[in-house]
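If you want the building blocks of each chain, they are given just below.
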Amino acid sequence: MRNNIRWRTAAKIAWRESRATPAKFLFVALAVAVGVGSLTGVRGFSRAFRQMLLKEARTLMAGDLSLRVFELPTRDQQEVLDSLEQRGVRRTWITETVSMMGSDHVSDPLLVSVKAVEPSLYPFYGSVKLEPAGPLPERLTPDRVAVSEDLLVRLQVSVGDRVKLGGAEFRIAAVVTAEPDRMAGSLNVGPRILLSRAALERTELLRPGSRFAQRYLFKLPPGGIPVGAVREELKNALPHGLLTDFRETHPLITRGLNRATMFLSLVSLIALIVGALGVATAIHSHLEQKMDAIAVMKSIGARSAQIIRIYLTQSLLLAALGGLGGLALGVLVQLAFPLLIARFFPLPAEVRWDWVSGLEGLAAATLTTLLFTLPPLLSIRRIRPALLLRREMVEVRPRQWRDLRAAGAAGLAILLVIGAMATWLAAGMLSTRRIDAVKVGAWFAGGLLVSLLALSAIAWLLLWALRAALRQPYWRPPPTLRHGIANLYRPGNHAQAALVALGVGVMFTLTIYLVQHSLLAQISASAPPGMPNVFLINISERERAGMVELLRSTPGVEGKPDVAASVAARLVTIDGEPFDRRPADGPVRRFRSPRSITWAAQQPPQTEIVAGAWWTRSDPASPQVSVSEEASKLLRVHPGSLLEWSASGRGVKARVAAIHKTEAIRPGSNVEFILSPGALDGLPVLYVGGVRVRAKDVTALQREAYRRFPSVTVINVADVLDRVQEVVDQIAMVVRFISAFAILAGVIILASSVAGTRFRRIREVIILKALGATRRRLVAIFSVEFLILGIVAGLMGSALATGFSNLLLQRLLDAPGRFQPAPNLIAILLTALIANVAGWLASFRILGQKPIEALREERG
Amino acid sequence: MIAVSGLTKSIQTPTHRVDILRGIDFHVPKGQFVAIRGPSGSGKSTLLGLLAGLDTPTSGKILLDGEDISGLDEDRLAVVRGRKVGFVFQSYQLIPTLTAEENVLLPAELAGETAGAGERARALLDGVGLLDRRDHYPVQLSGGEQQRVALARAFMLRPPILMADEPTGNLDSANGRHVLELLLALNAQEKTTLVLVTHSAELAAHAGRRITLQDGVIAGEE
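Draft legend 1. Representation of the overall build of chain A within the structure. From N to C terminus, chain A includes 23 helices and 21 strands. Residue burial in chain A is summarised as follows: out of 860 residues, 54% are buried. Excluding contacts between residues fewer than 6 apart, the proportion of contacts in chain A whose partners are at least 24 apart in sequence is 83%.

So, in structure tokens, the structure goes:
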């Protein structure tokens, strides 16, 4: 005799088994499909969305990678650049400097920012918008330049007029209305002029000793070398260069992108778990109904291994069917999302069906289905054919060590695989943050284990307490209530399993909501709607009141103007050591020139202290200072270091109290040194103003400001900030939609796990009906049962969700967590409602049947 | 063919211990037809389940065709059941999701003996008069018809021993008689040793030997 039946025979029997009851089978497959669908849908859409965001981020940099250099590359370095070029990495060269520009219409020349590009290559992403419109290479010839609007105002010239820059004369070919990498430049002081490299040569501005900044922009070949690899190679070759890649274009985008990615991977992980949960409950109740059939097979000679093979085949069939259904669902989701959100923002055409996430989903479906089938399949070995002879007498056999070991091993395998999947999802999504993906996986699996154990323990306690409550002699509830409660701990009810499944579902669904809620609050706080988009620098004490008045009266100004004070000061010593003796190459060199320093009593809004502490009381006799994180790294200072500046001939000493970082975009937020109040008293102060202006009113403001305060420079970043705001809004929108979807999927799966108990109820309904219970009585009994189930699961789930979401927010998303009573309460009530409605929808048909029909159905 | 000595079976329920069989000894030679009788709760069905290897005894020995099955694990028992014993239940126990023919075919498929199995299954269904209903599911068959399918299934692998637990207990007298006739005819045709548990005097009258159980021990034999 052969050891086992052939797979073909197993498949044949499995197929016959499932064919006879297509409805039940489809129900289970549907549970798998919802799980897979939410996973692939969420994953695929997040992937597409991320691509879209990254594309916008590239636009804000005009390339994939930017390398700022402080001296010309050596021959070795040039070789590295050329070798990259041979591998498809294109590059272009941008030079920025500051110079004076004059025209025939004004007597004084004007300080301008000069930017020289290679018009045939620049920009790699996005486009420079010109007025009159036209391609950049045609407009920027060796004797023609493009300028910003404010330059026309200040030099009293218009397009076509002549201007003088350095040693050459140029004709103004166009006005620059939008420049993709406007924020990426380093020398943004005055009106701007954009010209070709050939034109720059003519000016003879680039002489040894003159101040200029050079950077390379790189564009990577699609699907070629990853940005990280190129970055590494450049870093090794040009260690003093400043590298930035498109993932860190703008702090708001970087942070938004990180958070969104983190959140989306979190949601897909949760979708995976909740989906697996649905699969597990469905398969479990499916196999449970097969107990008799299994006992019969055993009585006619089937061995456990054979039966396991048959049902394994059947589960695989289910997984495949559900998986394919889920893929279809995932496609629908991916197609539907863009349609849904198209009303709010335009999505590029690339959001299309993503094969990778489809295949991932299919693999995940098969794996989780198999995994969760394992414990019930293993329990097949414990089914004895004697069950058929002696059904009424439940024999309690002590669980054998072997069974416990098998169950433990299966549980461990499930946890390991979930941990591995979490790791894999995290590794795929978190590349920007380089968080230890294995740690994320371990946390996730560990968290799940703890929640499951906690839920099982609470469920067990509750059932025990209910039983004890009914057994004591003092309280006799009405029969319906008593019956409903007794139903929960009746042998074979599996209330504990249902409670755990419901509880886990509630926990995850509510976690998504809570995390989303806090995340959105955080996102909108870091990019508030009134964020300034026009900056005014070099406002003197004398001009300040007049400028504020002007801003108040100008049409198109939204909100209150924000003004920050600063003092120009040069760093002279660090811990007593003269700063100019320190080797200062690369970015450190900027601290040699006078820079803005300021003062503040309170910690500025949206500023985070990363080391040390903000002063609580300040003593003007011993000033303190908070240093920006970046400056502290460049200067190698830490809390306790002593810094000394020279400002207007006076020395200012301050001890470092704190290191801060900020993402806020406001006047003064880029100031690297904030001193305690009183430290800078008596020094000449310059003010920086920031204000939100409607894009179309910016030019008018510029003209008026120039007319009344000619020494004040107006910097207009409206177009760039509009773009940043747009991206942040998109992130928020997508976070909202994805969570809504995940919550919906969670609700469906919760409902199906309650509905899965339907088949267990049939026998009970028959007996109660045969004994004369009316339909109303049955409804009342089951309602009590469902209500208790729902409320308890809701309570446990929301308690766990509050803990879990706070942990996630603090550990992974750097956002504060807090207790939110309203969503918790709503979750509990909704769970009770869902448990009841789903329970009713599932049991409705049985209730209306005559006992004999139900009996027949049970047999069939 | 069947030898039983010192057989006991006790089970532990959540509250107390029940001694169902309290020491049974007997021997059934090859080809004999034995009827086991006794009042409800006397342990008849339990004894039959033990003999068929559906359950394991608490103590004692059962030899089937010379092989001691009392100490076998579940999987070895399954092999013994498949090879040596055909079983007919009081409540038919057809697999609800398989058709009549598939139910009859199942033992052969599980044993891997598929050559000619289809023909034999159809011949057996023909023998019990249900060839034209072979594509029907159990729910579409009457009780008597289901029991006839169960009979065909029990004979599928030509087991040397057939055991039946109240095979007519759920049927009306006409259907019961029909099933009995088929059982006797198949038994004669296949030359099996037959052990059945019954309440019915009519059924017992056909047996060559009658054992009466009372309170878990053999109370009499004729």
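Don't stop here, the text continues.
Draft legend 2. Fine view of the sheet that holds strand S3 (residues 33-37) of chain B. All names here are of chain B. Taken in spatial order, the 6 strands make up an open sheet running S6-S7-S8-S3-S9-S10, and their pairing is mixed. Sheet topology places strand S6 (85-88) and strand S10 (217-221) at the edges, where each strand pairs with a single neighbour. Ignoring strand direction, the axes of neighbouring strands in this sheet form an average angle of 20°. By the bridge criterion, 4 bridges tie strand S9 (residues 209-214) to S10 in an arrangement that is antiparallel. Residue Leu213 lies in a different strand from S10, and its bridge partner there is Ile218. Most of the contacts of helix H1 (residues 44-51) go to strand S7 (residues 161-165), to which it runs at about 155°, and overall it touches S3, S6, S7, strand S8 (193-197) and S9. The strands that helix H5 (residues 143-155) touches are S6 and S7; relative to S6, the one it contacts most, it runs at about 175°.

Draft legend 3. Spotlight on the packing of aromatic side chains. All names here are of chain A. Under the counting rule described, the total for this entry stands at 6 aromatic pairs over all chains. Here the aromatic rings of Phe591 and Phe673 are separated by 6.2 Å at their centres, their planes lie at 75°, and the arrangement is edge-to-face. You can see Phe591 sitting in the loop between strand S13 (577-578) and strand S14 (595-599) and its partner Phe673 sitting in strand S19 (residues 673-675), a full 82 residues away along the chain. Under the relative-accessibility criterion, Phe591 is labelled buried at 2%. Seen from their ring centres, Trp645 and Phe673 are 5.1 Å apart, and the 70° between their planes marks the pair as edge-to-face. Taken together, the residues span a long stretch of sequence, with Trp645 in strand S17 (residues 642-647) and Phe673 in strand S19 at a distance of 28 residues. Here Phe673 falls in the buried class, since its relative accessible area comes to 1%. Counting every residue linked through ring pairs, the aromatic cluster contains Trp93, Tyr216 and Phe218.

Draft legend 4. Structural detail: unusual backbone geometry. All names here are of chain A. For the bond from Tyr122 to Pro123, the omega torsion is -15°, close enough to zero to count as cis. Note on placement: Pro123 falls in the loop between strand S3 (110-117) and strand S4 (129-131). Across the junction of Glu131 and Pro132, the peptide omega takes the value -5°, indicating a cis bond. Following the sequence through the fold, Pro132 ends up in the loop between S4 and helix H4 (136-139). One non-glycine residue with positive phi stands out, namely Ala62, at about 65°. In this structure, Ala62 sits in the loop between helix H2 (22-61) and strand S1 (65-69). Residue Ala62 is classed as buried on the basis of its relative accessible area, which comes to 0%. Positive phi, normally seen in glycine, also occurs at Gln156, with a value near 50°.

Draft legend 5. Summary view of the pairing of S8 of chain B. Residues and elements named next belong to chain B. Extensive coverage of S8 is indicated by the burial of 5 of its 5 residues. Residues Thr193, Val195 and Val197 point to one face of S8 and Leu194 and Leu196 to the other, with burial holding for every one of them. As paired strands, S3 and S8 are joined by 4 bridges and run parallel to one another. Among the inter-strand pairings, Ile36 is bridged to a residue of S8, identified as Val197. Traced from S7 through helix H6 (residues 173-190) to S8, the parallel crossover comes out right-handed.

Draft legend 6. Seen up close, the nonpolar core. Counting residues in each nonpolar core, the largest one holds 57 residues, and the members touching the most others are Met297, Ile310 and Tyr311 of chain A together with Ile2, Leu47, Leu51 and Met163 of chain B. Other than its neighbours up to four places away in sequence, Met297 of chain A contacts Ile13, Ala302, Ile307, Ile310 and Tyr311 of chain A together with Ile95, Leu106 and Leu110 of chain B. Counting residues in each nonpolar core, the second largest holds 46 residues, with Leu266, Leu269, Leu499 and Phe804 of chain A among its members.

Draft legend 7. The packing of helix H3 (residues 100-111) of chain B against H5 of chain B, seen in detail. Residues and elements named next belong to chain B. As a packed pair, H3 and H5 sit with axes 7 Å apart at the nearest point and diverge in direction by 25°. Overall, the two elements H3 and H5 adopt an arrangement that is roughly parallel. Viewed along their axes, H3 and H5 form a crossing whose handedness is right-handed. Contacts between H3 and H5 involve Ala100, Asn103, Val104 and Pro107 on the former and, on the latter, Val149, Ala152 and Arg153. By residue class, the composition of the contact of H3 with H5 is 5 nonpolar, 1 polar and 1 charged.

Draft legend 8. Summary view of the interface of chain B and chain A. Facing 41 residues of chain B, the contacting portion of chain A comprises 40 residues. Both sides together, the interface formed by chain B and chain A hides about 3,700 Å², and carbon and sulfur atoms give 59% of it. Counting the surface chain B buries against chain A, the share from its top three residues, Thr97, Glu109 and Leu110 of chain B, is 18%. For the interface between chain B and chain A, the tally reads 3 salt bridges.

Draft legend 9. Spotlight on the side chain of Thr193 of chain B. Residue and element names in this part refer to chain B. Among the secondary structure elements, Thr193 is positioned in strand S8. Judged by its relative accessible area of 0%, Thr193 is buried. Reaching out from Thr193, the side chain makes a polar contact with the backbone nitrogen of Gly31 at a distance of 2.9 Å. Contact partners of Thr193, with chain neighbours within four places excluded, come to Met1, Ile2, Val28, Pro29, Lys30, Gly31, Gln32, Pro160, Ile161 and Leu162.

Draft legend 10. Looking closely at the pattern of salt bridges. Taken as a whole and judged by the stated rule, the model has 27 salt bridges over all chains. One salt bridge in this structure joins Arg16 of chain A and Glu109 of chain B, with 2.9 Å as the shortest N-O distance. Placement of the pair is Arg16 of chain A in helix H1 (residues 7-19) and Glu109 of chain B in helix H3, with the two residues belonging to separate chains. This pair shows no difference in class: Arg16 of chain A is buried, exactly as Glu109 of chain B is. Across the pair Glu169 of chain A and Arg162 of chain A runs a salt bridge, and its minimum N-O distance is 3.4 Å.

Draft legend 11. Representation of the pairing of strand S9 (residues 212-219) of chain A within the structure. Residue and element names in this part refer to chain A. The element S9 is extensively covered by neighbouring structure, given that 6 of its 8 residues are classed as buried. Across 8 bridges, the pairing between strand S2 (residues 90-103) and S9 is antiparallel. Its bridge partner being in S9, Trp93 is matched across the sheet by Tyr216.

Parameters at a glance
- Residues numbered from 1 in each chain as written.
- Chains lettered and ligands numbered in written order.
- Predicted model: local features only at pLDDT ≥ 70, side-chain atom pairs only at ≥ 80, totals over all residues.
- Heavy atoms only, no water.
- Helix = DSSP H or I, 4+ residues; strand = E, 2+ residues; numbered from the N terminus.
- Buried < 20%, exposed > 50% of the residue type's maximum accessible area, 1.4 Å probe, protein only.
- Contact = heavy atoms within 4.5 Å.
- Pairing = 2+ DSSP bridges.
- Axes fitted to C-alpha atoms, helices over the stretch in contact; angles between N-to-C directions.
- Phe/Tyr/Trp six-rings, centres within 6.5 Å; stacked < 30°, edge-to-face > 60°.
- Right-handed = clockwise from strand over helix to strand, strands pointing away.
- Core = buried A, V, L, I, M, F, W, Y, C linked by side-chain atoms within 4.5 Å.
- Parallel < 35°, antiparallel > 145°, perpendicular 65-115°, else oblique.
- Left-handed = near helix turned anticlockwise from the far one by under 90°.
- Nonpolar A, V, L, I, M, F, W, Y, C, P; charged D, E, K, R; others polar.
- Buried area = accessible area lost by both parts, 1.4 Å probe.
- Salt bridge = Lys/Arg side-chain N within 4 Å of Asp/Glu carboxyl O.
- Polar contact = N/O pair within 3.5 Å; in protein donor to acceptor, adjacent residues only side chain to side chain.

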